[in-house]
Each structure stands twice: as structure tokens, then as C-alpha cells.
Amino acid sequence: MYFPLCNTCGMQFASQTPVPASCPVCEDERQYVGWAGQAWTTHDALAKAHTLTLALAVLQIVRLLPQLVEIGIALTIVYVAAENLWTSSTSHRWLLTFGFGLVHGFGFANVLRELGLPSSGLARSLLSFNVGVEAGQIVIVGLMWPLLWWVSRQQWSSRFRVGVSILILLFGLAWFFERTSGVKLLPF
Ligand SMILES: [Zn+2]
């Protein structure tokens, strides 16, 4: 009895007919690569957007009230969490992320202002702050990645996604409420 081999990786199929287009191993890999590519595009959009608005804000070309920026950030969190509940399509995420990155860049500018800006070497401190934020994001995503990939393979992954999205949604709403009302809800 002859079992056909996968053309790509050489793994033997478990049955003779029908021969699938690709084996489970290759299918997994294809999905993983697609997923990683999309995550990178999203990250890239976020980085470009917050770099732009961080520079605009620190150089005082654009000025926004810190409170408005905080409310905007809360709204972006609420929106993404809510959207997770009704769609699992992520193909437009990079564009959404770019828009949200613009808002978050203004937030970083406020953080930077609180840390205290040096009177000289502004461009260099802007750059190193941005590199720091980037490095932090890459480390977090790098640590979360294997875990998220594993979760996505589990039967309960869609329930997990809904649960986490609801938690994030509640957090975002609490944040929004705090920033608009001045009443403290969150312990941080
Ligand atoms: Zn294969």
C-alpha cells in the first residue's frame, strides 16, 4: 500500500484518497507565516504613526490637551475590544492601528513631558525614547507570541478571545469614565 507524500515537506499522508492540497504541517506553517506577517504590518503601522505624532507634539507643532488624548486612548481600547466581539477579520487592522497609533503618540508625548525634556539634544532624546518604546513592544510581542499561537490552536480559543475582549472592554470603559468624570475607579 502506497501513501502519497506531501510535495512540500515530504510528510506521508494518512490515506491514499483524496490527496489534500497540502498536509496539516504545511497548512499550519502557512497560517503561522501569514499571521506573523500581518502582526508585523500592524506593528509597523503603529510605530510609524506614534513616531509621527510624538515628534509633532514634542516639537510643539501640534498641541492637544492631555486630557483629550487620554480620552482618545481609552476610546481606541474600547473600540478594538468591542470589535473583537463581532468580527474575527483582522485584514483592516493595520489601518485602524495606524489611526490609533496617531492618538497614542500624543500620549507618549505627555509621558515624555512628565519625565522632563532636556533643553538640549531634543532630537536625540526623542529618538532614544522611541527606540525604547519599540524595543518594549517587540519584547512583549515576542514573549506573547508562542502563547497566543498555542491558544489559537485550542478548541476554546474563540471563547478565550471573547472573555479577554470583554475584560479589555470593561477596562477601557472604566478608563474612559475616569478621564471624563474625574471619578477614580481603577487602582492605578
Ligand atoms: Zn507538508
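Treat the numbers as computed from the prediction; the structure is a model and nothing was measured. (Residues numbered from 1 in each chain as written. Predicted model: local features only at pLDDT ≥ 70, side-chain atom pairs only at ≥ 80, totals over all residues.)

### Considerations on the overall build of the chain
Rules: Runs of H or I in DSSP of at least four residues are treated as helices and runs of E of at least two as strands, each being numbered from the N terminus. Both definitions apply: the radius of gyration is a C-alpha atom measure, and the globule rule equals 2.2 Å times residues to the power 0.38. Between the buried cut of 20 or more and the exposed cut of 12 or fewer other C-beta atoms within 10 Å of a residue's own C-beta lies the partly exposed class, and all C-beta atoms are placed from the backbone. A residue pair is marked as a contact if its C-beta atoms, positioned from the backbone, fall within 7 Å.
Of regular secondary structure, the chain possesses 5 helices and 0 strands. In sequence order, the chain lays out its α and β elements as α-α-α-α-α. Computed over its C-alpha atoms, the radius of gyration of the chain comes to 22 Å, more than 25% above the 16 Å expected for a compact globule of 188 residues. Here the C-alpha coordinates of the chain stretch approximately 75 × 40 × 25 Å along the principal axes. Out of the 188 residues belonging to the chain, those deemed buried represent 12%. Across the chain, every contact between residues at least 6 apart in sequence was considered, and the portion connecting residues at least 24 apart equals 70%.

### Let's talk about the nonpolar core
Note the threshold: What makes a nonpolar core is a set of buried Ala, Val, Leu, Ile, Met, Phe, Trp, Tyr and Cys residues, with links drawn between C-beta atoms within 7 Å.
Grouped together as the largest cluster of nonpolar side chains are 12 residues: Leu54, Ala57, Val58, Val69, Ile73, Ala74, Phe100, Val103, Phe106, Phe108, Ala109 and Val133. Of all the elements in the fold, those that place two or more residues in this core are α1 (24-58), α2 (66-86) and α3 (93-115). The dominant element in this core, judged by the number of residues it contributes, is α3, at 5 residues.

### So, the confidence of the model for the chain
Quick reminder of the rule: Confidence per residue, as judged by the predictor, is encoded in pLDDT with a range of 0 to 100.
Mean pLDDT over the chain works out to 84, with 94% of the residues at or above the 70 mark. When the elements of the chain are averaged for pLDDT, helix α4 (residues 122-152) gives the smallest value, 83, and helix α5 (residues 157-181) the largest, 92.

### Some thoughts on α3
Our working definition: To estimate how far a helix should reach, multiply one less than its number of residues by 1.5 Å.
In this model α3 runs 31 Å from its N-terminal to its C-terminal C-alpha over 23 residues, within 8% of the 33 Å that 1.5 Å per residue would give. Among the residues making up α3, those that are buried are Thr97, Phe100, Gly101, Val103, His104, Gly105, Phe106, Gly107, Phe108 and Ala109. In the stretch just after α3, glycine 116 is the one whose phi turns positive, near 100°.

### Some thoughts on the packing of α2 against α5
Our working definition: All axes are obtained by fitting lines to C-alpha atoms, using only the stretch in contact for helices, and the reported angles, taken between N-to-C directions, cover 0 to 180 degrees. If an angle is under 35 degrees, it is roughly parallel; if it is over 145, roughly antiparallel; if it lies from 65 to 115, roughly perpendicular; otherwise it is oblique. Handedness of each helix crossing follows the sense of rotation of the near helix against the far helix: counterclockwise by less than a right angle gives left-handed, clockwise gives right-handed. Each residue receives one of three labels: charged for Asp, Glu, Lys and Arg, nonpolar for Ala, Val, Leu, Ile, Met, Phe, Trp, Tyr, Cys and Pro, and polar for the others, Gly being one of them.
Between α2 and α5, the least distance of the axes is 8 Å, while the angle of their chain directions is 160°. One finds that α2 runs roughly antiparallel with respect to α5. In this structure, α2 meets α5 at a crossing whose hand is left-handed. Between α2, through Gln67, Glu70, Ile71, Ala74, Leu75, Ile77, Val78, Ala81, Ala82, Asn84 and Leu85, and α5, the contact on the second element is made entirely by Arg161, Val162, Ser165, Ile168, Leu169, Phe171, Gly172, Leu173, Trp175, Phe176, Arg179 and Thr180. Looking at the contact of α2 with α5 residue by residue, the class counts come to 15 nonpolar, 5 polar and 3 charged.

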